Amino acid sequence: MERTSASDIATELDGEDSSLPEMPMIAAPRKLAEDAGEILRQQILSGNLKRGTHLVEAKLAAMMSVSRGTIREAFRLLAAEGLVVEEARRGAFVTTLEPGDVREIYDLRAAIEGRAAYLLAIRRDTGAIEALGRAIDAIGRAASARDLREVRRLDLAFHEQLCALTGNSRLQDVFVRYVPVIQTLLTYDHLVYSPIDETAGQHRTILDAIESGDPEAASRAVVAHCEDSRDKVSAYFEAHREGWGQVND
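Residues numbered from 1 in each chain as written. Predicted model: local features only at pLDDT ≥ 70, side-chain atom pairs only at ≥ 80, totals over all residues. Heavy atoms only, no water.

**With respect to the packing of helix H6 (residues 126-144) against helix H10 (residues 199-211)**
Across the interface, H6 lies against H10 with an axial gap of 9 Å and an inter-helix angle of 170 degrees. In terms of axis orientation, H6 runs roughly antiparallel to H10. Here H6 contributes Ile129, Leu132, Gly133, Ile136, Asp137, Ile139 and Gly140 to the contact with H10, which in turn contributes Thr199, Ala200, His203, Arg204, Leu207, Ile210 and Glu211. Broken down by class, the residue content of the contact of H6 with H10 amounts to seven nonpolar, four polar and three charged. (Axes fitted to C-alpha atoms, helices over the stretch in contact; angles between N-to-C directions. Helix = DSSP H or I, 4+ residues; strand = E, 2+ residues; numbered from the N terminus. Parallel < 35°, antiparallel > 145°, perpendicular 65-115°, else oblique. Contact = heavy atoms within 4.5 Å. Nonpolar A, V, L, I, M, F, W, Y, C, P; charged D, E, K, R; others polar.)

Next comes the structure, spelled out in structure tokens:
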């Protein structure tokens, strides 16, 4: 019996939904559902997949060269983040983040990271302070090189490290759960929040407050940082809620 290739399946299904953008194939067998979910997440949050788009399971499986079960699991991951809604007998559809969702995510960050800064300021652990200082220096070097992608990566790493250094595993687990969405929102954060040259300085303000040993001041510094980003990014989402245009590097 002749085997039907992934490309043949994709060709056969072309007529079912012409609104889907090109999807890269996934070659590695490790964590396929997470990989598929990440591809779809980026397509949704970049605006390539519009609100209401029907996500055709068979076509996506063929385009990414994975099983339909892998795509179903990816849908479940994205449904938990509020990016996909699954309807009985109809399938999965793109929902995208609303401005209110963005505000809630940043409010959660403010609560978690504010507490992390509070705990670190109480401890004033030299090793933790030095580690955060090195993270900020790395952000500064990436900013000087005008490498926005690396600045975003290091920005996220700083905030994740802020939580990890508390030693509170549950606090860190909550942060890590939202890392995929936070990572994408940082694209918008750096687009609308401030020039790349100011990124290291913003984080230095947080570290200075932690190093001062004043837990309330440390918490306020992080909360102010998160709330400023929250207001600007949610305003951007509100202004682009119909188009959700592509954000370029």
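Still to come is the rest of the account.
**Points about the environment of arginine 103**
Tracing the backbone shows arginine 103 in helix H5 (residues 99-123). A C-alpha to C-alpha distance of 9.8 Å links arginine 103 and cysteine 226, two positions 123 residues apart in sequence. In this view, arginine 103 contacts Arg230, Asp231 and Ser234; residues no more than four positions away in its chain are not counted.

**Details of the pattern of salt bridges**
Applying the stated criterion across every chain, the model contains 13 salt bridges. Two residues, arginine 68 and glutamate 57, come together in a salt bridge whose shortest N-O distance is 3.0 Å. Within this pair, whereas arginine 68 is found in helix H4 (residues 68-80), its partner glutamate 57 is found in helix H3 (residues 57-64), the two being separated by 11 residues in sequence. Between aspartate 137 and arginine 204 there is a salt bridge, and its shortest N-O distance comes to 3.0 Å. In this pair, aspartate 137 is assigned in helix H6 and arginine 204 in helix H10, connecting sequence segments 67 residues apart. Taken together, the shared-partner salt bridges connect Arg103, Asp107, Arg230 and Asp231 into one network. (Salt bridge = Lys/Arg side-chain N within 4 Å of Asp/Glu carboxyl O.)

**A word on the confidence of the model for the protein**
Model confidence for the protein is summarised by a mean pLDDT of 84, while 83% of its residues fall at 70 or above. At the level of individual helices and strands, the protein shows its lowest average pLDDT in helix H1 (residues 6-12), which scores 54, and its highest in H6, which scores 96. When the criterion is pLDDT under 50, residues 244-249 qualifies, and its contacts beyond four places in sequence or with other chains add up to 20 contacts. (pLDDT = per-residue confidence, 0-100.)

**Here we look at the pairing of strand S3 (residues 91-94)**
In the sheet, strand S1 (residues 54-55) pairs with S3 via two bridges, with the strands oriented antiparallel. For leucine 55, the partnering residue across the bridge sits in S3 and is alanine 92. Both strand S2 (residues 84-87) and S3 contribute to a ladder of four bridges, which runs antiparallel. Note on S3: the bridge partner recorded for valine 84 is valine 94. (Pairing = 2+ DSSP bridges.)

**Topic: unusual backbone geometry**
You will see that serine 65, though not glycine, has its phi angle at about 60 degrees, which is positive. Mapped onto the elements, serine 65 comes out in the loop between H3 and H4. If you check the backbone angles, arginine 146 has positive phi at about 60 degrees while not being a glycine. Of note, arginine 146 is situated in the loop between H6 and helix H7 (148-164).

**Focus on the packing of H5 against helix H11 (residues 215-239)**
At a minimum axis distance of 8 Å, the contact between H5 and H11 shows a crossing angle of 165 degrees. Considered as vectors, H5 and H11 are oriented roughly antiparallel to each other. By crossing handedness, the relation of H5 to H11 is classed as right-handed. (Left-handed = near helix turned anticlockwise from the far one by under 90°.)

**Some thoughts on helix H2 (residues 32-46)**
Compared with an ideal rise of 1.5 Å per residue, which puts 15 residues at 21 Å, H2 spans 21 Å between its outermost C-alpha atoms and is within 8% of the ideal. Among the residues making up H2, those that are buried are Ala33, Ala36, Gly37, Ile39, Leu40, Arg41, Gln43, Ile44, Leu45 and Ser46. Glycine 47, located one to two residues past H2, shows a positive phi value of around 100 degrees. (Expected span 1.5 Å × (residues − 1). Buried < 20%, exposed > 50% of the residue type's maximum accessible area, 1.4 Å probe, protein only.)

**What to know about the environment of threonine 166**
With respect to the element layout, threonine 166 can be found in the loop between H7 and helix H8 (169-177). The exposure class of threonine 166 is buried, given its relative accessible area of 11%. C-alpha separation for the pair threonine 166 and leucine 120, spaced 46 residues apart in sequence, amounts to 6.1 Å. Residues within four places of threonine 166 in sequence aside, it is in contact with Ala116, Leu119, Leu120 and Arg123.

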